[in-house]
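Here are the chains, one letter per residue:
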Amino acid sequence: MPLLRVHLDSDRITARRVMQLHQAGKIHHESREAAREQVWRHGRIPAGDPIFVGITNGRRHVQLLYDIEVYSDTEH
C-alpha cells in the first residue's frame, strides 16, 4: 500500500512535546488524529494508523510529519 506524507502546522512547544512523547514510545493523540483527518481531506482512505516520522526545522513555521498507509484503489 502506498504511503502518504502528511505535514501538520504546529508551534515549537507542541512539536517538542510530540517529539518527546515519540521518543518515550508514546503517542500524541491530537496530532495523530489531525493527520488522519488530513488524509480524508486529500480524498484518500487511511489503511492504518498515522506514524510520526519527525518535525521540520523551520525557524518560523514548524510542521509535524506523519506517514500513513492509504488504499491505492479507493478515494472517497
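Caption draft 1: Representation of the overall build of the protein chain. Secondary structure assignment for the protein chain yields 2 helices and 4 strands. Along the protein chain, helices (α) and strands (β) appear in the sequence β-α-α-β-β-β when read from the amino end. The C-alpha atoms of the protein chain give 13 Å as radius of gyration, which agrees with the globular expectation for 76 residues (11 Å, within 12%). In terms of overall dimensions, the protein chain has C-alpha extents of about 35 × 25 × 15 Å along its principal axes. The buried share of the protein chain, reckoned over its 76 residues, is 32%.

Caption draft 2: Structural context of the environment of Asn-57. Residue position: Asn-57 is located in the loop between β3 (51-55) and β4 (62-75). For Asn-57, a relative accessible area of 73% corresponds to the exposed category. Taking C-alpha positions, Asn-57 is 9.6 Å from Arg-12, a pair spaced 45 residues apart along the chain.

Caption draft 3: Structural context of the nonpolar core. One finds Val-6, Leu-8, Ala-15, Val-18, Ala-35, Val-39, Phe-52, Val-62, Leu-64, Tyr-66, Ile-68 and Val-70 forming the largest nonpolar core, which totals 12 residues. The set of elements that each furnish at least two residues to this core consists of β1 (3-10), α1 (12-23), α2 (29-41) and β4. Looking at this core, the element that brings in the most residues is β4, giving 5 residues. The contacts of Val-39, once residues within four sequence positions are left out, are Leu-4, Val-6, Arg-44, Ile-45, Pro-46, Ile-68 and Val-70.

Caption draft 4: The arrangement of the pattern of salt bridges in detail. Taken as a whole, this structure holds 4 salt bridges when the rule is applied. Across the pair Arg-5 and Asp-67 runs a salt bridge, and its minimum N-O distance is 2.5 Å. Here Asp-67 lies in strand β4 and Arg-5 lies in strand β1, a separation of 62 residues in the sequence. Classification of Arg-5 by relative accessible area gives partly exposed; the value is 44%. A relative accessible area of 13% places Asp-67 in the buried class. Its salt-bridge partner being Arg-36, residue Asp-49 comes within 3.2 Å of it at the nearest N-O pair. You can see Asp-49 sitting in the loop between β2 (44-46) and β3 and its partner Arg-36 sitting in helix α2, a full 13 residues away along the chain. Via salt bridges that share partners, Arg-32, Glu-33, Arg-36 and Asp-49 belong to a single interconnected network.

Cut-offs applied
Residues numbered from 1 in each chain as written. Predicted model: local features only at pLDDT ≥ 70, side-chain atom pairs only at ≥ 80, totals over all residues. Heavy atoms only, no water. Helix = DSSP H or I, 4+ residues; strand = E, 2+ residues; numbered from the N terminus. Rg over C-alpha atoms; globule rule 2.2 N^0.38 Å. Buried < 20%, exposed > 50% of the residue type's maximum accessible area, 1.4 Å probe, protein only. Core = buried A, V, L, I, M, F, W, Y, C linked by side-chain atoms within 4.5 Å. Contact = heavy atoms within 4.5 Å. Salt bridge = Lys/Arg side-chain N within 4 Å of Asp/Glu carboxyl O.

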